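Examining the three-dimensional arrangement
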Amino acid sequence: MISFNFYSPEQKISFPDWEKKTIYVSIKRDDMIHPFISGNKWRKLKFNLERALAENKNHLVTFGGAWSNHILATACAGATFSLKTTAFLRSDPGINNPLIAMCRLFGMEIIYTDRTEYKNKQALFDKHFSNNSNAYFIDEGGHGPLGSKGCEEIIASLQESYDHIFCACGTGTTLAGLQHAVAASGLQTVVHGVPVLKGADFIHDEVHKIYPSDPVATLHTGYHFGGYAKTKPELLRFIEKFVSHTGIMIEPTYTGKLFFAVNDLISQDYFKPNARILVIHTGGLTGFLGMYERFNLDLGQ
Ligand SMILES: *Cc1c(COP(=O)(O)O)cnc(C)c1O
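Criteria and thresholds
- Residues numbered from 1 in each chain as written.
- Predicted model: local features only at pLDDT ≥ 70, side-chain atom pairs only at ≥ 80, totals over all residues.
- Heavy atoms only, no water.
- UniProt positions renumbered as here; feature names shortened; annotations may be inferred.
- Pairing = 2+ DSSP bridges.
- Helix = DSSP H or I, 4+ residues; strand = E, 2+ residues; numbered from the N terminus.
- Core = buried A, V, L, I, M, F, W, Y, C linked by side-chain atoms within 4.5 Å.
- Buried < 20%, exposed > 50% of the residue type's maximum accessible area, 1.4 Å probe, protein only.
- Contact = heavy atoms within 4.5 Å.
- Axes fitted to C-alpha atoms, helices over the stretch in contact; angles between N-to-C directions.
- Right-handed = clockwise from strand over helix to strand, strands pointing away.
- 1 Å grid on protein atoms, 1.4 Å probe; cavity = no way out; pocket = protein on both sides within 12 Å on 5 of 7 lines; lining within 4 Å.
- Points joined across faces, edges and corners; volume = space filled by probe spheres on them.
- Domains from an automatic or database assignment.
- Near = heavy atom within 4 Å.
- Polar contact = N/O pair within 3.5 Å; in protein donor to acceptor, adjacent residues only side chain to side chain.
- Areas by Shrake-Rupley, 256 points an atom, 1.4 Å probe, with all protein chains shown as cover.
- Sits in = over half its atoms within 2 Å of the grid points.

The protein chain carries the name 1-aminocyclopropane-1-carboxylate deaminase/D-cysteine desulfhydrase in an unreviewed UniProt entry, which gives Sphingobacterium anhuiense as its organism. For the protein chain, the Sequence similarities (unreviewed entry) comment in UniProt is given as "Belongs to the ACC deaminase/D-cysteine desulfhydrase family." Under Cofactor (unreviewed entry), UniProt gives the following word-for-word description of the protein chain: "pyridoxal 5'-phosphate".

Written out as structure tokens, the structure is:
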């Protein structure tokens, strides 16, 4: 067992019109878990780390893009638990940015990988680590059954009960864990996912692969704003309003789209009066570092 103490409170938040409509929104502050092993990336790493240690591995090997919150979380977790780390980075050789620089500070080895090679992660792992029995494979984003298992723990940790729980979806691993834990606990809560990429119906299949007998969660596929890491001025304006009203930071790639969706659904009277909603803040605030110029360009800031 690894020991890692953290604090992730549930907080009520207010925003213009939500109270008028008697909709009660709370936020689960998984962004407060850790500045670098943040949000659902800690949840998804936890059981992978336990398995790696149980199998006497001392080297985490993983995958991601140049602004991957998961790569940063893995780099920091490796340093924390005395494990080596390597990331195959899907990008042109030599690319650097604040996130990659932080990964290197945590001691991570970065291997630049072109898009064709990146497609077959197992082959990459085998090619570089076939002679290294200490290496432990973690899929991109911490995707997979062990990742979902960690996200199940969010439900058991809740202090209050809710009619609706929302999370942002990339791979759907977090959504799968939430939906499974809700169904397994016999709760009536409806679990909702807001995909941040286009054409996200694949998420149902991903969830089904991890937990074949679970009921399907509700997906709101209209809030991707053009696709992964794409934005529109409307989204940035909402983020600005939300952050300045609540004091809670969100960013354009994941949690901005999530809260935009919740706010939009509230304004369309999607929920019954007196509904209690929990929104999971999945962290990832370093993503803002890669996006701040958009606020300049689109909002003139
Ligand atoms: C990675 C990430 C997600 C996506 O989680 P999935 O389990 O892949 O759906 C959501 N929010 C944030 C902040 C993330 O960093």
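Notes on the sheet that holds strand 2 (residues 24–28)
If you walk across this open sheet you meet the six strands as 1-2-10-7-8-9, and the pairing is mixed. Each having just a single partner strand, strand 1 (10–13) and strand 9 (218–219) make up the two edges of the open sheet. Across five bridges, the pairing between strand 2 and strand 10 (residues 276–280) is parallel. Looking at the pairing, Ile27 lines up with Val279 of strand 10.

Digging into the nonpolar core
Phe166, Phe242 and Phe259 are the most contacted members of the largest nonpolar core, which has 32 residues in total. When contributions to this core are tallied by element, the ones reaching two or more residues are strand 2, strand 7 (164–169), helix 9 (233–246), helix 10 (255–267) and strand 10. Excluding anything up to four places from it in sequence, Phe166 contacts His192, Val194, His220, Leu258, Val262, Leu265, Phe271, Ile277, Leu278, Val279 and Ile280. One finds Ile155, Val191, Leu219 and Ile280 within the second-largest nonpolar core, a separate group that totals 23 residues.

Things to note about the sheet that holds strand 3 (residues 59–65)
Strand order in the open sheet made by the four strands is 5-4-3-6, with parallel pairing throughout. Pairing within the sheet leaves two strands with one partner each, and these edge strands are strand 5 (109–113) and strand 6 (135–137). Pairwise comparison of adjacent strand axes, ignoring direction, gives a mean angle of 25° for this sheet. Two elements, strand 4 (residues 84–90) and strand 5, share five bridges in a ladder whose sense is parallel. When the sheet's bridge partners are listed, Phe88 is paired in strand 5 with Ile111.

Structural notes on the side chain of Ser148
Inspection of the secondary structure assignment puts Ser148 in helix 6 (residues 145–156). Residue classification places Ser148 among the buried positions, given a relative accessible area of 0%. Among residues more than four places away in sequence, those in contact with Ser148 are Thr173, Ala176, Gly177, Ile210 and Tyr211.

Structural notes on the pairing of strand 4
As a general feature of sheets, a regular strand has side chains that alternate between the two faces. Burial of strand 4 is extensive: five of the seven residues sit out of reach of the surface. Sheet topology places strand 3 next to strand 4; seven bridges connect them, and they run parallel. When the bridges of strand 4 are listed, Gly64 appears paired with Leu89. For the handedness criterion, the β-α-β arrangement of strand 3, helix 2 (residues 69–80) and strand 4 is classed as right-handed.

Remarks on the UniProt feature "domain: Tryptophan synthase beta chain-like PALP" (unreviewed entry) in the protein chain
When the UniProt feature table is mapped to this numbering, "domain: Tryptophan synthase beta chain-like PALP" (unreviewed entry) covers residues 25–283. Helix makes up 42% of residues 25–283 and strand 17%, with an end-to-end C-alpha separation of 18 Å.

Re the layout of surface pockets
Roughly 870 Å³ of internal volume is contained in the largest pocket. Within the residue set of the lining of the largest pocket, elements represented by two or more residues are helix 1 (40–54), strand 3, helix 2, strand 7 and helix 7 (173–184). Mapped onto the domain boundaries, the lining of the largest pocket takes at least three residues apiece from domain 1 (10–35 + 148–298) and domain 2 (39–142).

Let's talk about the site of the ligand
Surveying the vicinity of the ligand reveals 14 residues, the closest of which are Lys41, Asn69, Thr171, Thr174 and Thr282. Between an oxygen atom of the ligand and a side-chain N or O atom of Lys41, the distance comes to 2.7 Å. Between the ligand and Gly172 there is a distance of 2.9 Å, counted from an oxygen atom to a backbone nitrogen or oxygen. For the ligand, the accessible surface in isolation is 390 Å², of which the surrounding protein chains cover 97%. Judged by its atoms lying within 2 Å of the grid points, the ligand is housed in the largest pocket.

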